[in-house]
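# A structural walkthrough
The chain contents come next:
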Amino acid sequence: MSSVPRPALAIIGGSGFYDFFGDDAVSLEVDTPYGAPSAPITVGQVEGRQVAFLPRHGRKHEFSPHTVPYQANLWALRSIGVRRILAPCAVGSLHADWGPGTVAVPDQLVDRTSGRPQTFFDNGGVHVSFADPYCDELRGAAIGSAVPELPLQSTATMVVVQGPRFSTRAESRWFAAQGWELVNMTGFPEAVLARELEMCYAAIALVTDLDAGLEAGEGVSAAAVFAAFEQNLVPFKGLVRNAIAAVEGTDTCARCRVHAGVTLPFELP
Ligand SMILES: [Zn+2]
């Protein structure tokens, strides 16, 4: 590539998504006022369009859910031109019928994290709308991209816990009793930071385990989670590829533009 790439669409996900990219992909080192992102950003052609990829936990999974540099990640993507983000992630299920291999496209989120910087606006009383935390246009693209191997749930409430530990049985039962269906450790503040930078964002969640409150045995183990993820990774990546092809437009949708009339405290390139 001769000129600097300006990808409008990005994937934030696990390091397995590197194989979406061919030899012509470039690696961009991006610095931000919040430090370096989790890794250099890979940019290349996927499904006939220019796509950026950032491995959320770093190239070698060096970041824990609570140490991921979320502000730097979102800022870095926005600064190279990204306006729309698909965010595949692993989740525990709080719903007995949603076993490992189920895909869910959340429409709601509950934040149970603590101590994570969750805004770019430290001054000025800026409060973005977050009633609907995910972009409906991107959710539609994901929902329409189902693959036969993985059953898909088109709505779900995802509770994001601080981690890195898994939930206790009591916490898990409490979450389920609220009607929440999924547990995850990285979906927040990723979603709100995307919203603050006026980028469309949708999570695509792959169930790897039944959470502690639903599991009669030993509870959740990291080994079981990684094994389930690996097992379903090929069809899941197929679904994400379909979603990349299905996303229409290269700019933020009207509903994800939240700063009309607000003076931003920063200027992005
Ligand atoms: Zn949107």
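Residues numbered from 1 in each chain as written. Predicted model: local features only at pLDDT ≥ 70, side-chain atom pairs only at ≥ 80, totals over all residues. Heavy atoms only, no water.

## Details of the packing of aromatic side chains
Rules: Note on aromatic pairs: the rings of Phe, Tyr and Trp (six-membered ring only in Trp) are paired at centre separations within 6.5 Å, and the planes decide the class, stacked below 30 degrees, edge-to-face beyond 60, tilted for the rest. Each residue gets one of three labels from its accessible area relative to the maximum for its type: buried under 20%, exposed over 50%, partly exposed in between, using a 1.4 Å probe on protein chains only. Charge-over-ring placement is defined geometrically: NZ (Lys) or CZ (Arg) within 6 Å of the ring centre, and within 35 degrees of the ring normal.
Tallied over the entire structure, the rule returns 12 aromatic pairs. Judged by centre distance (5.3 Å) and plane angle (85 degrees), the rings of F17 and F20 are edge-to-face. On the accessibility criterion, F17 (2% relative accessible area) is buried. Consider the rings of W174 and F175, whose centres lie 5.5 Å apart with planes at 45 degrees: the pair is tilted. A relative accessible area of 2% places F175 in the buried class. Here the aromatic residues F17, Y18, F20, F21 and F53 are joined through ring pairs into a cluster of three or more. Across from the ring centre of F20, 4.7 Å away, lies the NZ or CZ of R241, which sits over that ring.

## Some thoughts on the pairing of strand β1 (residues 9-13)
Formally: Numbering of helices and strands starts at the N terminus; helices are DSSP runs of H or I of at least 4 residues and strands are runs of E of at least 2. At least two bridges found by DSSP between two strands are what make those strands a pair.
With 5 of 5 residues buried, β1 is to be regarded as a mostly interior element. Going residue by residue along β1, you find L9, I11 and G13 tucked away on one face and A10 and I12 tucked away on the opposite face as well. Bridge analysis of β1 against strand β4 (residues 49-55) gives 5 bridges, and the strand direction is parallel. Residue pairing in the sheet places L9 in a bridge with V51 of β4.

## Here's the deal with the pairing of strand β11 (residues 200-210)
Burial analysis of β11 places 10 of its 11 residues in the buried class, the great majority of the element. Note: strand β5 (residues 84-93) against β11, 10 bridges, orientation parallel. Note on β11: the bridge partner recorded for C89 is A205. In this structure, strand β6 (residues 103-104) lies alongside β11, joined through 2 bridges in antiparallel fashion. What sits directly across from V103, in β11, is L206.

## Some words on the coordination of the zinc ion
What counts is decided by this rule: In this listing, donors mean N, O and S atoms no farther than 2.8 Å from the metal, or 3.2 Å for Na, K and Ca; water is missing from the atoms, so a site can look incomplete. Here a site with four donors is tetrahedral if all angles are between 85 and 135 degrees, and a site with four or six donors is square planar or octahedral if opposite donors are over 155 degrees apart and the other angles are between 65 and 115; anything else gets the irregular label.
Within the protein, C135 (SG), C200 (SG), C253 (SG) and C256 (SG) serve as the donor atoms for the zinc ion, at 2.3 Å. What the 4 donor atoms of the zinc ion show is an angle range of 101 to 116 degrees at the metal, which sorts the shape as tetrahedral. Between consecutive donor residues of the zinc ion, the sequence gaps follow C-x64-C-x52-C-x2-C. Placement of C135 in the loop between β7 (108-112) and α2 (136-143) and of C200 in strand β11 is noted, with a sequence separation of 65 residues between them.

## Some remarks on unusual backbone geometry
Going from G163 to P164, the amide bond is cis rather than trans, its omega being -5 degrees. In this structure, P164 sits in the loop between β9 (157-161) and α3 (169-177). Between F188 and the following residue, P189, the backbone shows a cis peptide bond with an omega angle of 10 degrees. Backbone geometry places H61, a non-glycine residue, at a positive phi of 55 degrees. Tracing the backbone shows H61 in the loop between β4 and α1 (70-79). Owing to a relative accessible area of 46%, H61 belongs among the partly exposed residues under this scheme. Although it is not a glycine, E198 adopts a positive phi angle of roughly 55 degrees. Relative accessible area serves as the criterion here: at 14%, E198 is assigned to the buried category.

## Points about the pattern of salt bridges
Stated precisely, the cut-off is as follows: Counted as salt bridges are all cases of a side-chain nitrogen of Lys or Arg within 4 Å of a carboxyl oxygen of Asp or Glu.
Throughout the structure, instances matching the rule amount to 10 salt bridges. The partner of R83 in a salt bridge is D251, with the nearest N and O atoms 4.0 Å apart. Of this pair, R83 sits in the loop between α1 and β5 while D251 is found in the segment after α5 (222-246), placing the two residues 168 residues apart along the sequence. Residues R139 and D136 are paired through a salt bridge, measuring 3.5 Å at the closest nitrogen-oxygen approach. With R139 and D136 both in helix α2 and 3 residues apart, the pair spans about one turn of that helix. When its relative accessible area of 9% is taken as the criterion, R139 is described as buried. Three or more residues joined by partner-sharing salt bridges are found here, namely D132, D136, R139 and R255.

## Comments concerning the side chain of H259
The following threshold applies: We call two residues contacting when some pair of their heavy atoms lies within 4.5 Å.
By the secondary structure assignment, H259 is in the segment after α5. Excluding residues within four positions of it along the chain, H259 makes contact with F121, V126, V128, R195, E196, E198 and L264.

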